[in-house]
Amino acid sequence: MAESRALPAGFGELEVLAVGTVLLVEALCGLSLNGLTIVAFWKTPELRTPSHLLMLSLALADGGLSLNALIAAVSSLLWRCPPSSGCCQALGFQGFATALASISGTAALAWGHHQHYCTRSQLTWSTAIPLVLFVWLSSTFWAALPLLGWGHYDYEPLGTCCTLDYSKGDRNFTSFLFTMAFFNFLVPLFITLTSSQLMEQHSARSSRLQVNTTRPARTLMLCWSPYALLYLYAAVADASSLSPRLQMVPALIAKTVPTINAINYALGSERGSRGPWQHLSLQRNKRD
């Protein structure tokens, strides 16, 4: 059983409660909205298509990320930390794997939209299923490497959850960071940006805007870049020179991703197309 702990260094009582409250709101919003998306797919046969499978995969990843935020929120509000080093490693792995799956899932969904709107080719099950499997297997692989010694998971500055340990900034950390970031942040960001630009050019030629082409790329850049900058700083300088409060900001920003993604995709952004939530509401109205 976890024991009560003293306030973490650099944080006051009010600040710990404030961070816990923010994390709790982010977690509950992400879990409820992505849970609603998952229920919509489960109950609506019209949504069981290859293209919507990519959206379901993203909702599952974001739901897992919100679950990680919920654990951190409860720990913060109860002033308790993970009970053991082994639990810290498990929480770090779960949070990192779902975060990577969310980033890669956004890129996969952007590519799927590009295929549909620019090439007019329908996504098939033979393409969608391997793509989803690749997203999850790749994310699991990279998240497992710190458990095997390349990189390491440790407590976040608040001490309520765990993330990739950037405090040492040694060769082990930097080699893992730059390799992982290239394949799991830069490549997905490039795919998302390229797909968005191609869709925007196609929309301009056809004189109509069928999808919002900028939201996925903006979400990746705005929500994950603070983490990237923090890790980059830790690789070239002493991360302890940053205040613990400042080090917690990227985590709080990143935890907004599940809510933003759910709103972006589940409401239906295409002209004349309903999102999962509209389908679920329509099905309920028919039953009534």
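As a reminder, the structure under discussion sits directly above these lines.
Residues numbered from 1 in each chain as written. Predicted model: local features only at pLDDT ≥ 70, side-chain atom pairs only at ≥ 80, totals over all residues. Heavy atoms only, no water.

*Asks:* Which residues make up empty space enclosed by the protein, and what values go with them?
*Replies:* The final tally for this structure, using the stated rule, is four cavities of 30 Å³ or more. Its volume calculated, the second largest cavity comes out at about 50 Å³. The wall of the second largest cavity is formed by Asn34, Thr37, Met55, Leu58, Ala59, Asp62, Asn261, Ala262, Tyr265 and Ala266. Listing elements by their share of the lining of the second largest cavity, those giving two or more residues are α1 (13-43), α2 (50-77) and α8 (257-266). Of the residues that constitute the lining of the second largest cavity, the class distribution is six nonpolar, three polar and one charged. (1 Å grid on protein atoms, 1.4 Å probe; cavity = no way out; pocket = protein on both sides within 12 Å on 5 of 7 lines; lining within 4 Å. Points joined across faces, edges and corners; volume = space filled by probe spheres on them. Helix = DSSP H or I, 4+ residues; strand = E, 2+ residues; numbered from the N terminus. Nonpolar A, V, L, I, M, F, W, Y, C, P; charged D, E, K, R; others polar.)

*Asks:* Would you mind going over the nonpolar core in detail, with residue names and values included?
*Replies:* Here is a general trend for soluble globular proteins: nonpolar side chains tend to be buried in one another's company. Among the nonpolar cores identified, the biggest contains 42 residues, and Phe96, Tyr166, Phe173, Phe176, Met180, Trp224 and Tyr231 are the most heavily contacted of them. Listing elements by their share of this core, those giving two or more residues are α1, α2, α3 (85-118), α4 (125-144), α5 (171-206), α6 (215-236) and α7 (244-254). If one sorts the elements of this core by residue count, α6 sits on top with eight residues. Ignoring sequence-local partners within four residues, the contact set of Tyr166 consists of Pro157, Phe173, Leu230, Tyr231, Ala234, Ala239 and Gln247. (Core = buried A, V, L, I, M, F, W, Y, C linked by side-chain atoms within 4.5 Å. Buried < 20%, exposed > 50% of the residue type's maximum accessible area, 1.4 Å probe, protein only. Contact = heavy atoms within 4.5 Å.)

*Asks:* If you had to explain the side chain of Gln89 to someone new, which residues and values would you point to?
*Replies:* Following the sequence through the fold, Gln89 ends up in helix α3. Gln89 gets classed as buried once you look at its relative accessible area, which sits at 14%. At a separation of 2.9 Å, a polar atom in the side chain of Gln89 contacts the main-chain carbonyl oxygen of Tyr153. (Polar contact = N/O pair within 3.5 Å; in protein donor to acceptor, adjacent residues only side chain to side chain.)

*Asks:* Help me get a handle on the layout of surface pockets, residues and values and all.
*Replies:* Taken as a whole, the largest pocket spans an internal volume of roughly 480 Å³. Residue lining of the largest pocket: 27 residues in total, with Phe96, Met180, Tyr227, Ala228 and Tyr231 positioned closest to the centre. Counting residues per element, the ones that place at least two in the lining of the largest pocket are α2, α3, β2 (162-164), α5 and α6. For the lining of the largest pocket, the residue count by class is 20 nonpolar, five polar and two charged.

*Asks:* Requested: an account of the packing of aromatic side chains, with residues and values cited.
*Replies:* Applying the stated rule across the entire model yields 10 aromatic pairs. Taken together, a centroid distance of 6.4 Å and an interplanar angle of 45° make the contact between Trp142 and Phe176 tilted. On the criterion of sequence distance, the pair formed by Trp142 in helix α4 and Phe176 in helix α5 is long-range, its members being 34 residues apart. Geometrically, the ring pair formed by Tyr227 and Tyr231 is stacked, given 5.4 Å between the ring centres and 25° between the ring planes. Of this pair, Tyr227 and Tyr231 are both found in helix α6, four residues apart, which corresponds to roughly one turn of the helix. Grouped by ring-pair contacts, the aromatic residues Phe141, Trp142, Trp150, Phe176, Phe182 and Phe183 constitute a single cluster. (Phe/Tyr/Trp six-rings, centres within 6.5 Å; stacked < 30°, edge-to-face > 60°.)

*Asks:* Can you tell me about the packing of α1 against α8, naming the residues and giving the values?
*Replies:* Packing of α1 against α8 brings their axes to within 8 Å, and their N-to-C directions diverge by 30°. One element, α1, and the other, α8, form an angle in the roughly parallel class. As for the relative orientation of α1 and α8, their crossing is left-handed in sense. Listed contacts from α8 to Glu26, Cys29, Gly30, Leu33, Asn34 and Thr37 of α1 are Pro258, Thr259, Ala262, Ile263 and Ala266. Considered class by class, the residues forming the contact of α1 with α8 number six nonpolar, four polar and one charged. (Axes fitted to C-alpha atoms, helices over the stretch in contact; angles between N-to-C directions. Parallel < 35°, antiparallel > 145°, perpendicular 65-115°, else oblique. Left-handed = near helix turned anticlockwise from the far one by under 90°.)

*Asks:* Break down α8 for me, with residues and values.
*Replies:* Within α8, eight of the 10 residues are buried, which leaves it mostly tucked inside the rest of the structure. If you check which residues of α8 are buried, you get Val257, Pro258, Thr259, Asn261, Ala262, Asn264, Tyr265 and Ala266.

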